[in-house]
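Listed below, chain by chain, are the residues.
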Amino acid sequence: MLGANLLAQRRQRAAVPRRIEDMRFLAVAAAATAALDHLNHGIALIDKRCQVSFANKLAHSICEETDGLTLHGNQLMGTTASGSSRLSAALKSAILEGEASAIRVERSSGRRPLSMQIAPLRAGPGQAPVEAALVLIHDSDRYAVPPKQRLCEAYGLTAAEAGVVQLLLRGAGMPEIATELRISVETARTHLRRVLGKTGVHRQSDLILLLLREVGWVLYEERVQPCEPCHQGASICTPSG
């Protein structure tokens, strides 16, 4: 009896570190899921049965519109016959053959097609084989541009310059930007030239690519904060606390 009690106590003590390790794992998994929900792209993980094993908030939101993509019986499908066929073929190619692909899925609403990157997930050295695919979904009509504050912090832009950048990222041209900001076209061009100088690029197209790569991947919650005048008379966004 004494031996049995000692054995039970040892097992209980040994189980404590495992429980702590399990709790740490769950905490890390929860943090990773929250991080994926902050990305400016829809993300879905597809298992070997072509079932969705995970989708972030933006992917769910896109699918709930049933305009281009939908979730049906836990399967990611196109809402048109051609889109569904292309998506199914791309997923099977990624999972079964390890081939990556890029497709566009048309939308019945007439909005711009959804752009999708589909890539096989591969296990690391010494790990069990993985039969799954990663799907990145980009909705150009839903794309959220970085808030002014982040643009000011990242590149030292003034509030006026950041406003021009935001409209550029939304696809506006110089006349539209001037009208929206109630400035002249020449003033808008002056702001753009200063932005190019501060970011170290020479063309408008390069500027847009740079901003999308560096500050455009994360969904921000913009906190409204007054801008302080600098000694040149321009206003710059003050960093949030």
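Residues numbered from 1 in each chain as written. Predicted model: local features only at pLDDT ≥ 70, side-chain atom pairs only at ≥ 80, totals over all residues. Heavy atoms only, no water.

> Just to check I follow, could you spell out the pairing of strand 6 (residues 114–121) for this structure?
Moving residue by residue along a regular strand, the side chains alternate between the two faces of the sheet. Note: strand 5 (residues 101–105) against strand 6, five bridges, orientation antiparallel. If you follow V105 over to strand 6, its bridge partner there is L114. Here seven bridges tie strand 6 to strand 7 (residues 132–138), and the two strands are oriented antiparallel to one another. When the bridges of strand 7 are listed, S115 appears paired with H138. (Pairing = 2+ DSSP bridges. Helix = DSSP H or I, 4+ residues; strand = E, 2+ residues; numbered from the N terminus.)

> Whenever I open this one, the pattern of salt bridges confuses me. Can you help?
Opposite charge on two side chains allows them to pair when their charged atoms are near. Scanning the entire structure with this criterion turns up eight salt bridges. Note that R193 and E186 form a salt bridge whose closest N and O atoms lie 3.2 Å from each other. Via salt bridges that share partners, E65, D67 and R111 belong to a single interconnected network. (Salt bridge = Lys/Arg side-chain N within 4 Å of Asp/Glu carboxyl O.)

> Hey, could you run me through helix 2 (residues 57–64) in this one?
A turn of α-helix holds 3.6 residues, and therefore any two residues three or four places apart point the same way. Among the residues of helix 2, those classed as buried are L58, A59, I62 and C63. What you see down the axis of helix 2 is that its buried residues fit within an arc of 135°, all on one side. Residues of helix 2 that are exposed and point more than 90 degrees away from the buried face comprise K57 and E64. Those residues of helix 2 that are buried are in contact with strand 1 (42–46), strand 2 (52–55), strand 3 (69–72), strand 4 (75–78), strand 6 and strand 7. (Buried < 20%, exposed > 50% of the residue type's maximum accessible area, 1.4 Å probe, protein only. Arc of directions from axis to C-beta. Contact = heavy atoms within 4.5 Å.)

> Can you help me understand the packing of helix 5 (residues 159–169) against helix 6 (residues 174–181) in this one?
Two packed helices can be described by the angle between their axes and the distance between those axes. Where helix 5 meets helix 6, the closest approach of the two axes is 10 Å, and the angle between their N-to-C directions is 130°. Relative to helix 6, the element helix 5 lies oblique. Once helix 5 is placed against helix 6, the crossing between them reads as right-handed. Packed against helix 5, whose contacting residues are G163, V164, L167 and L168, the element helix 6 presents M174, I177, E180 and L181 at the interface. The class makeup of the residues in the contact of helix 5 with helix 6 is six nonpolar, one polar and one charged. (Axes fitted to C-alpha atoms, helices over the stretch in contact; angles between N-to-C directions. Parallel < 35°, antiparallel > 145°, perpendicular 65-115°, else oblique. Left-handed = near helix turned anticlockwise from the far one by under 90°. Nonpolar A, V, L, I, M, F, W, Y, C, P; charged D, E, K, R; others polar.)

> So what exactly am I meant to see when it comes to the packing of helix 5 against helix 7 (residues 185–199) here?
Relative orientation of the contacting elements helix 5 and helix 7 amounts to 90°, with a least axis distance of 9 Å. Relative to helix 7, the element helix 5 lies roughly perpendicular. Contacts from A160, E161, V164, V165 and L168 of helix 5 reach helix 7 at A188, H191, L192, R194, V195 and K198. Here the contact of helix 5 with helix 7 is built from residues that sort into seven nonpolar, one polar and three charged.

> What am I meant to see in the nonpolar core here?
Nonpolar side chains in soluble globular proteins generally cluster together in the buried interior. Counting residues in each nonpolar core, the largest one holds 24 residues, and the members touching the most others are I46, L69, L76, L87, M116, I118 and V135. If you list the elements that add at least two residues to this core, you get strand 1, strand 2, helix 2, helix 3 (81–97), strand 5, strand 6 and strand 7. Counting residues per element, this core draws most heavily on helix 3, at five residues. Beyond its immediate stretch of four places on either side in the chain, I46 contacts Q51, V52, S53, L76, L91, I95, E131, A132, A133 and V135. Counting 23 residues, the second largest nonpolar core, distinct from the first, contains C152, Y155, V165 and V195. (Core = buried A, V, L, I, M, F, W, Y, C linked by side-chain atoms within 4.5 Å.)

> Explanation requested: the side chain of D47 in the structure shown.
In this fold, D47 is placed in the loop between strand 1 and strand 2. Residue class for D47 comes out buried when judged on its relative accessible area of 18%. Reaching out from D47, the side chain makes a polar contact with the backbone nitrogen of R49 at a distance of 2.9 Å. Those residues in contact with D47, other than ones at most four positions away along the chain, are I95, E131 and A132. (Polar contact = N/O pair within 3.5 Å; in protein donor to acceptor, adjacent residues only side chain to side chain.)

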